[in-house]
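Residue strings, one per chain:
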Amino acid sequence: MTHDPHTRPIDLHAACCGHDGVDHAKRQTLDMLAQGGLAAALATLMGGLPGPARAQDDDIVRIGYLPITDATPLLVAHAKGFYADEGLEAEQPTLIRGWSPLIEGFAANKFNLVHFLKPIPVWMRYNNDFPVKIMAWAHTNGSALVVGRHTEITDFSGLGGKQVAVPFWYSMHNIVLQYALRSAGITPVIKAQGEPLAPNECNLQVLPPPEMPPALAARKIDAYIVAEPFNALGELMAGARMLRFTGDIWKNHPCCVVCMNEQVTQAKPEWTQAVMNAVVRGSIYASQNKEEVAELLSKDGMGYLPAPAPVVKRAMTVYDDNAEYMETGAIKNVAEYQNGRIDFQPWPYPSATRMIVEAMTETVVSGETTFLQGLDPQFVADDLVDYAFVKAALEKFPEWKNDPSVNPGDPYNREEVLKL
């Protein structure tokens, strides 16, 4: 079912995010982060702190998250009592409506367990000397490119001369989109709105995810690429049509990652291991019970996500059983990839980290890019990610190997696969 955007005004902010607009002060900071100024913004956010953030004095688990499906393992672990099973006290997770305040809260030790877009900890650690560590992946797949039904776009070559929104310049979404555009003979560009485009140019702009469905419904953009549940929301309420799932291009790609303060992990290894045990159990449970988890997380369940249950369920479960997706080519590689719309396995494959760092140097962005100079992909894979705690948890709970995104014969290694 789709919604005709011309029948009545659509309050998509309220529909998905439980509010009737955007905090413009936070949006200004978010836009600055997205447009390439994350390093400078982080310096401002953390400039008043007395050195690197200090470890919490107590052992309470304090979770900060955005209202997206990327946060699922952290939230399921709370909802199902997995932290308590590990002897931990966990506060009610705190919903944050933007990346900027989540970064600030983590830097100030308001939160000791968060999920970030993968480039965020890269900037924090190497531009700001902040002791962030990637502890696990929060999910695999879980993003897509949707186009407006006002367009006749049927493949990536149809994006020539069009306006497309991405959530961040430095994001998996921008990397995959530009890979697909180049493969289709389309040149990604960043031009002012209204500036003429050549037929083979696709103009990119950054929009915060909650603004993407309204912009598409109003025909201010022709397409957007983002994490769920904003694609499902666009399909149900903004006249969006699925063009391609990113997980059908880059097999089982990461997007958001679970992060902690390295000072905490070093000072409290037993506590850290207990937290990671709970997170891994949350990931396994989500992998095995997607429909139940979608209901549980939605505003019709326990309310961790303010989106209604039908939106979250679509975002988690509707995939190769949808005839339209198969007929239109939104899904082409599922027989080989054996993945879902979103999948959950926590192991942070070094090969993916290396590929992301390499791809960032080839991706057209707006803003400062000098931080990438001399950034060695293998060094980042070795230094930024802590593999020990998550691996111990995975050995304790081997059911993680049952997720379709894991090769049970060689679960800790893989080759990255991208193809159209």
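As the structure is a computational prediction, the values presented were derived from the model and not from experiment.

S.K.: Residues and numbers for the overall build of the protein, please.
M.R.: Counting its secondary structure elements, the protein contains 18 helices and 13 strands. Put simply, the protein has 420 residues, and 62% of those count as buried. Nonlocal contacts in the protein, meaning residues at least 24 apart in sequence, comprise 78% of its contacts between residues at least 6 apart. Summed over its atoms, the accessible surface of the protein is roughly 15500 Å², and 49% of this surface lies on carbon and sulfur atoms.

S.K.: So what's going on with unusual backbone geometry? Residues and values would help.
M.R.: Residue Glu-228 is joined to Pro-229 through a cis peptide bond whose omega torsion reads 15°. Relative to the helices and strands, Pro-229 is located in the loop between strand 10 (223–227) and helix 9 (230–237). Look at Asn-109: it is not a glycine, yet its phi comes out positive at around 70°. Within the secondary structure, Asn-109 sits in the loop between helix 5 (99–107) and strand 3 (113–117). Residue Arg-219 is not a glycine yet carries a positive backbone phi of 65°. Position of Arg-219 relative to the elements: it lies in the loop between helix 8 (212–217) and strand 10.

S.K.: So, the nonpolar core: which residues are in play, and what are the values?
M.R.: Tyr-83, Trp-99, Leu-113, Phe-116, Leu-159 and Leu-177 are the most contacted members of the largest nonpolar core, which has 138 residues in total. Sort the elements by how many residues they give to this core and helix 11 (residues 269–288) lands first, with ten residues. For Tyr-83, the residues in contact, after removing those within four places along its chain, are Val-61, Ile-63, Leu-74, Ala-77, His-78, Leu-88, Ala-90, Leu-113, Val-275, Ala-278 and Val-279.

S.K.: Report on the side chain of Asp-403, specifying residues and quantitative values.
M.R.: Turning to its location among the elements, Asp-403 is positioned in the segment after helix 18 (388–396). One buried charged residue, Asp-403, forms no salt bridge at all, with the nearest opposite charge on Lys-290 at 5.7 Å. One polar contact links Asp-403 to Ser-287, side chain to side chain, over a distance of 2.5 Å. Apart from residues no more than four positions distant in its own chain, Asp-403 is found in contact with Ser-287, Asp-343, Phe-344 and Gln-345.

S.K.: Explain a negative patch on the surface to me, and be specific about the residues and the numbers.
M.R.: Where like charges cluster on the molecular surface, the negative patch consists of Glu-358, Glu-362, Asp-376 and Asp-382. Residue placement: Asp-382 occurs in helix 17 (residues 377–383).

S.K.: I'd like a rundown of the sheet that holds strand 7 (residues 163–166), residues and numbers included.
M.R.: In spatial order, the strands read 8-9-7-10-6-11; together these six strands make up an open sheet with mixed pairing. Both outer strands of the open sheet, strand 8 (187–189) and strand 11 (240–245), are each paired with one neighbouring strand and no more. On average, each strand axis in the sheet is inclined to that of its neighbour by 30°, with strand direction left out of account. One ladder, built from five bridges, connects strand 6 (residues 143–148) with strand 10; its direction is antiparallel. By the bridge assignment for strand 10, Val-146 is matched with Tyr-224. Along the sheet, helix 7 (residues 172–183) contacts strand 6, strand 7, strand 8, strand 9 (201–206) and strand 10; its crossing angle with strand 9, the most-contacted strand, is approximately 175°. Running over the sheet, helix 9 touches strand 6, strand 10 and strand 11 and is turned about 135° from strand 10.

S.K.: Explain the pairing of strand 4 (residues 132–137) to me, and be specific about the residues and the numbers.
M.R.: Judged by how many residues are buried, strand 4 sits mostly within the fold: six of six residues are covered. Here strand 4 pairs with strand 12 (residues 256–261) via five bridges, running antiparallel. Within strand 12, the position partnered with Trp-137 by the bridge is Val-257.

Calculation notes
Residues numbered from 1 in each chain as written. Predicted model: local features only at pLDDT ≥ 70, side-chain atom pairs only at ≥ 80, totals over all residues. Heavy atoms only, no water. Helix = DSSP H or I, 4+ residues; strand = E, 2+ residues; numbered from the N terminus. Buried < 20%, exposed > 50% of the residue type's maximum accessible area, 1.4 Å probe, protein only. Contact = heavy atoms within 4.5 Å. Areas by Shrake-Rupley, 256 points an atom, 1.4 Å probe, with all protein chains shown as cover. Core = buried A, V, L, I, M, F, W, Y, C linked by side-chain atoms within 4.5 Å. Lys, Arg positive; Asp, Glu negative; His and termini not counted. Salt bridge = Lys/Arg side-chain N within 4 Å of Asp/Glu carboxyl O. Polar contact = N/O pair within 3.5 Å; in protein donor to acceptor, adjacent residues only side chain to side chain. Patch = residues over 30% accessible without salt bridge, like charges linked within 9 Å, V, L, I, M, F, W, Y side chains within 5 Å. Charge placed at Lys NZ, Arg CZ, Asp CG, Glu CD. Pairing = 2+ DSSP bridges. Axes fitted to C-alpha atoms, helices over the stretch in contact; angles between N-to-C directions.

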